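As a plain string of letters, each chain reads:
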Amino acid sequence: MNKPPDMTQLSLYAKREPVFNRRIDGKFRRIKWAIMALCLAVYWVTPWLRWDRGPYAPTQAVLIDLAHRRFYMFGIEIWPHEFYFVAGLLIMAGIGLFLVTSAVGRAWCGYACPQTVWTDLFQHVDRLIDGDRNARMRLYKAPWGPAKIARRLVKWAIYLAISLATGGAWIYYFADAPTLWTAFWSGTADPVAYATVATLTATTFVLGGFMREQVCIYMCPWPRIQTAMTDEKSLTVTYKDFRGEPRASLKKSQKAPDVFGDCIDCNQCVAVCPTGIDIRQGPQVGCITCALCIDACDRVMQDIGRPRGLIDYATLDDAEREKAGQPPTRHLKLIWRPRTLAYLAVWAGIGLALLFALGTRVHTGLTVAKDRNPPYILLSDGSVRGAYTLRLRNMEGRPRRMEIAIVGLPGAVMWTDDSARADAARTLTRTIPADATLPLRVYVVAPAPGLATTAAQDFAFRVTAEGEARETALSEVTFDTPQEAIP
Amino acid sequence: MAEHHPKGRLDEATNTETVGHEWDGIEELNTPLPRWWLWTFYACIVFALGYSVVYPAWPMLSSATQGTLGWTSRGELDKDMKAAAATRAKTVAALADMRIEELPKHPELMRAAVAGGAAAFRINCVQCHGAGAAGSKGFPNLNDDDWLWGGDLKTIETTLLHGIRQPGDDVTRQSIMPNFGSDGLLTAAQIDAVASHVLSLSGKARGNAEGAKLFADNCAVCHGPAGKGSRQFGAPNLTDAIWLDGGTKDDVVAQVSKPHMGVMPAWTGRLDPVTIKMLAAYVHSLGGGEQTPAPEPEAAATP
């Protein structure tokens, strides 16, 4: 019999290993700086951009106006019934992620994901307050004392300030930013605004300040999806083990250069990693492909006089080719493959379709709801009346006069709630306020002799903006009549 | 066969530590949950316990624990209803003070009254008049342009207040048509003739001299010599296309022999005056509403 394992040594739960990533400079770090600056600038500046839409519409360039059911994006205004534009954009964003993954691997995770950007920002705060890797490790291990408490309080205060700025900026996408700013700081804004800011401040504080790589490794579904999307042709951060192994210290490998590989086991790649992994163990879920280890390793290789790229952006295929002494695949060829092209085609197709729809859409609309109970009304003179609720849409930033006309149904005339049957006609005209809809209850009456004895006849309402023949909309409806013959 | 290996051996394929168990060659990898996940789980339990203390939760023998906050769904509804009543208070007060004839001058109030009337109609009127107010045989259609007693706001309100043939209401709408057949006032042949004459008024049958004479003697007093009816007596217009009790020969014969006399309850006392005004506004808005006649000292001279 073997001895049972010592279960007291095993835990079902793992403590988070803190990450103290060292500062590094290099090509990819500089790209990361630039993208971080761009992302933060876009996030914080966008709500404050202005855009002139005339006197009837808000002046905010990007505004999701939930209260009035409007979405403004520079020159484009979306109404709720056009939500398919937003749906199309979301689908494009999804397929765009596939496209980026197919072309350049987990670039989204490494550079542009908010979790990455804000974690990066918070790690720079760590470095600013507590020093670089070694100082932070020392402080982590040090017992709690006044100095440590003071440093922690300062750091968390900065975390909180960044979190408040992050959570606080979100609400300005949903209301006029300058107005809301004044209201927010004078305590008169809607409670929803404060609740939103409080929630997003808390999540930023926790996810950016403390959870960091745990979000990527345990909480985010995207790395799981990516494992299914990557193959040997996917660009990823690759440690070329054939070149690096067996690893040994610089001294040992200099003594026996034929035995040992280029990796001198300096651990710099681990030290700079923001998620605390060892890339030399191969591709793994914790690798967000930020390429900081490439920067670190390239520096070391330069120092010890070896060629750069022991750790490099490479597909597994390319690593194999390099191992076999063949030249690597050209970058363009990496991207020029069926999967990438298919994603690109779908992505661009949806984009073009949306642009086409946007360019050809009409700013005049009509929806008609027919009264179904009762389906028709017999009037005392024997004619038949149907009731319809029309909703006229004027999607332009100025009031417009529109003509509503009956198409078909010979002999039929209409009047409305606010006029009398004596004024009934085939057409009527109304002014629709700027950027608004006008509900209109319309009675259509058809004379008895003109009616067939069939139960329903098709006809349509057409609305046309005055002086703009292209601005027209048609809505087909039925006109019900009694099924028995009318005298 | 279970075997044990020293803990900490690395699995080759995954580079993960094993826990040391092996069953027939299958080993268990050590992939522990993150500790914070456990704390999140505990926090959820604490939250759930707290929730079950402050809100009604635990089932007991006859009811459930009440919760320390005293929250109930009925209480919530009560609050919502009070809030809704408070938002309506201004409209209700304005309607209470206003004579219904003046309502058309206040489009905002009119809209509110029609909306309120639509809701009250769903509760009080649909039983006879139908959900679409289209009525049925014996129950008037309120959408059309034919009114027994008149279709302006004031008249509709009066009809609602006092009902039709409402026993015990002194000013209720009252009209009685004699039982010409069952009381033996006319013979079956005479009723047939008069029914044909009535249908001829709207071109549905050929007229006859006997019927015309019988009509002039027995019916014209209420329905008028031309059969156009009279709103004063609530006598239906017999020349139009609308037949409350049916427009076939059999229907007319039956109605002359032993007339069907509908009853509408008086709503005074059952509904408050504002609701009745709202109902009148709603019925008026259904498409057949008439304008309030200009006040004239004498009866209108035009037919």
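Residues numbered from 1 in each chain as written. Chains lettered and ligands numbered in written order. Predicted model: local features only at pLDDT ≥ 70, side-chain atom pairs only at ≥ 80, totals over all residues.

1. Observations regarding the overall build of chain A
Within chain A, the secondary structure is distributed over 17 helices and 15 strands. Compactness check: chain A gives a C-alpha radius of gyration of 33 Å against a globular reference of 23 Å for 487 residues, more than 25% above the reference. Overall size of chain A, expressed as C-alpha extent along the three principal axes, is 115 × 60 × 60 Å. Of all 487 residues assigned to chain A, the portion counted as buried reaches 28%. Residue pairs at least 24 apart in sequence account for 69% of intrachain contacts in chain A once pairs closer than 6 positions are excluded. (Helix = DSSP H or I, 4+ residues; strand = E, 2+ residues; numbered from the N terminus. Rg over C-alpha atoms; globule rule 2.2 N^0.38 Å. Buried ≥ 20, exposed ≤ 12 C-beta atoms within 10 Å, placed from the backbone. Contact = placed C-beta atoms within 7 Å.)

2. Quick look at the overall build of chain B
Each helix and strand counted, chain B has 10 helices and four strands in total. For chain B, the succession of helices and strands along the chain, N to C, is β-β-β-β-α-α-α-α-α-α-α-α-α-α. The principal-axis extents of the C-alpha atoms in chain B amount to approximately 120 × 50 × 40 Å. Residues counted as buried form 25% of the 303 residues belonging to chain B. Of all intrachain contacts in chain B linking residues separated by at least 6 positions in sequence, the fraction that spans at least 24 positions is 52%.

3. Comments concerning the packing of helix H4 (residues 114–130) of chain A against helix H6 (residues 146–170) of chain A
Residues and elements named next belong to chain A. The contact between H4 and H6 brings their axes to 10 Å, and the two run at 150°. With respect to each other, H4 and H6 are oriented roughly antiparallel. As H4 runs across H6, the sense of the crossing is right-handed. Residues Trp-118, Leu-121, Phe-122, Val-125, Asp-126, Ile-129 and Asp-130 of H4 lie in contact with H6, whose contacting residues are Arg-151, Val-154, Lys-155, Ile-158, Tyr-159, Ile-162 and Thr-166. Taken together, the residues that form the contact of H4 with H6 break down as nine nonpolar, one polar and four charged. (Axes fitted to C-alpha atoms, helices over the stretch in contact; angles between N-to-C directions. Parallel < 35°, antiparallel > 145°, perpendicular 65-115°, else oblique. Left-handed = near helix turned anticlockwise from the far one by under 90°. Nonpolar A, V, L, I, M, F, W, Y, C, P; charged D, E, K, R; others polar.)

4. Some details on unusual backbone geometry
All names here are of chain A. Across the junction of Glu-245 and Pro-246, the peptide omega takes the value -15°, indicating a cis bond. The residue Pro-246 is located in the loop between helix H11 (241–244) and helix H12 (250–255) in this model. Cis geometry is found at the peptide bond from Asn-373 to Pro-374, where omega equals 0°. With respect to the helices and strands, the residue Pro-374 is situated in the loop between strand E7 (364–370) and strand E8 (377–378). Unusually for a residue other than glycine, Asp-265 sits at a positive phi of about 55°. Relative to the assigned elements, Asp-265 resides in the loop between H12 and helix H13 (268–271). For Thr-289, which is not glycine, the phi dihedral falls at a positive 50°. Within the element layout of this structure, Thr-289 appears in the loop between H13 and helix H14 (292–303). A residue is classified by how many C-beta atoms lie within 10 Å of it, and Thr-289, with 25 of them, is buried.

5. Regarding the nonpolar core
Residue and element names in this part refer to chain A. In this structure, Cys-269, Leu-292, Cys-293, Cys-297 and Ile-311 are the most contacted members of the largest nonpolar core, which totals 29 residues. Those elements that place two or more of their residues in this core are helix H3 (107–112), strand E5 (236–239), H13 and H14. If you tally residues by element for this core, the top one is H14, at six residues. Residue contributions to this core reach at least three from each of two domains, namely domain 1 (27–224) and domain 2 (230–329). In contact with Cys-269, other than residues within four places in its own chain, are Ile-279, Arg-280, Cys-293, Ala-296, Cys-297 and Ile-311. Core analysis: the next-biggest nonpolar cluster, separate from the first, contains 28 residues, Tyr-376, Ala-387, Val-444 and Phe-479 among them. (Core = buried A, V, L, I, M, F, W, Y, C linked by C-beta atoms within 7 Å. Domains from an automatic or database assignment.)

6. Overview of the domain arrangement of chain B
Residue and element names in this part refer to chain B. You can read the domains of chain B as domain 1 (87–174 + 263–284) and domain 2 (188–257). Here domain 1 and domain 2 have C-alpha centroids that lie 30 Å from each other. With 10 residues of domain 1 in contact, the opposing surface of domain 2 contributes nine residues.

7. A look at the domain arrangement of chain A
Split by domain assignment, chain A resolves into domain 1 (27–224), domain 2 (230–329) and domain 3 (364–480). Using only C-alpha atoms to locate each centre, domain 2 of chain A and domain 3 of chain A end up separated by 74 Å.

8. Focus on the sheet that holds strand E10 (residues 400–407) of chain A
Residue and element names in this part refer to chain A. Overall, antiparallel pairing links the four strands, which are arranged E12-E10-E14-E15 in an open sheet. In the strand order of this sheet, the two ends are held by strand E12 (427–432) and strand E15 (472–480), each with one partner. Strand-to-strand twist of the sheet, defined as the mean angle between neighbouring strand axes without regard to direction, takes the value 25°. Judged from the nine bridges that link them, strand E14 (residues 456–465) and E15 form a sheet pairing that is antiparallel. (Pairing = 2+ DSSP bridges.)

9. Describing the interface of chain A and chain B
Facing 27 residues of chain A, the contacting portion of chain B comprises 30 residues. Put simply, the parts of the chain that give the side of chain A that touches chain B at least two residues each are strand E1 (13–14), helix H9 (213–219), E8 and strand E9 (384–394) of chain A. Looking at the side of chain A that touches chain B, its residues break down into 14 nonpolar, eight polar and five charged.

10. Brief notes about the pairing of E9(A)
All names here are of chain A. Most of E9 is tucked away, with eight of its 11 residues classed as buried. Alignment of E7 against E9, held across seven bridges, turns out to be antiparallel. What sits directly across from Thr-364, in E9, is Asn-394. As paired elements, E8 and E9 share two bridges and run antiparallel to each other. Its bridge partner lying in E9, Leu-378 is registered against Val-384. As consecutive antiparallel partners, E8 and E9 are separated by five residues, and within that stretch Gly-382 has a phi angle of approximately 90°, a positive value. Pairing geometry for E9 and strand E13 (residues 436–446), over 11 bridges, is antiparallel. Of the residues in E13, the one forming a bridge with Arg-391 is Pro-439.

11. Re the sheet that holds strand E2 (residues 62–65) of chain A
The strands making up a sheet associate through hydrogen bonds between their backbones, and the pairing can be parallel or antiparallel. All names here are of chain A. In space, the three strands of this open sheet follow the order E2-E3-E4, with antiparallel pairing throughout. A single partner strand is all that each edge strand has here, and the edge strands are E2 and strand E4 (76–78). Averaged over all pairs of adjacent strands, the angle between strand axes in this sheet comes to 10°, irrespective of strand direction. Alignment of strand E3 (residues 70–73) against E4, held across three bridges, turns out to be antiparallel. Its bridge partner lying in E4, Phe-71 is registered against Ile-78.

12. Structural notes on the environment of B:Glu28
All names here are of chain B. Its location among the elements puts Glu-28 in strand E3 (residues 26–29). A residue is classified by how many C-beta atoms lie within 10 Å of it, and Glu-28, with 12 of them, is exposed. C-alpha separation for the pair Glu-28 and Lys-154, spaced 126 residues apart in sequence, amounts to 87 Å. In contact with Glu-28, other than residues within four places in its own chain, are Thr-18, Val-19 and His-21.

13. Some points on the confidence of the model for chain B
Note that predicted coordinates carrying low pLDDT should not be read in detail. All names here are of chain B. This prediction gives chain B a mean pLDDT of 90; 94% of its residues lie at or above 70. Confidence drops under a pLDDT of 50 for residues 299–303, and excluding neighbours within four residues, the segment shows zero contacts in the predicted structure. Predicted complex metrics record ipTM = 0.81 and pTM = 0.79. (pLDDT = per-residue confidence, 0-100.)

14. Digging into the environment of A:Val104
Residues and elements named next belong to chain A. For Val-104, the location among the structural elements is in helix H2 (residues 84–104). The class for Val-104 is buried, based on 20 C-beta atoms found within 10 Å. Distance in space between the C-alpha atoms of Val-104 and Thr-230 is 10 Å, their sequence separation being 126 residues.

15. Quick word on the packing of helix H2 (residues 73–97) of chain B against helix H3 (residues 107–124) of chain B
Residue and element names in this part refer to chain B. For the pair H2 and H3, interaxial distance at closest approach is 11 Å and the crossing angle is 100°. Taken together, H2 and H3 sit at an angle that is classed as roughly perpendicular. Residue-level contacts link Thr-91, Ala-94 and Leu-95 of H2 to Leu-109, Ala-112 and Ala-113 of H3. Its residues assigned to classes, the contact of H2 with H3 comprises five nonpolar, one polar and no charged.

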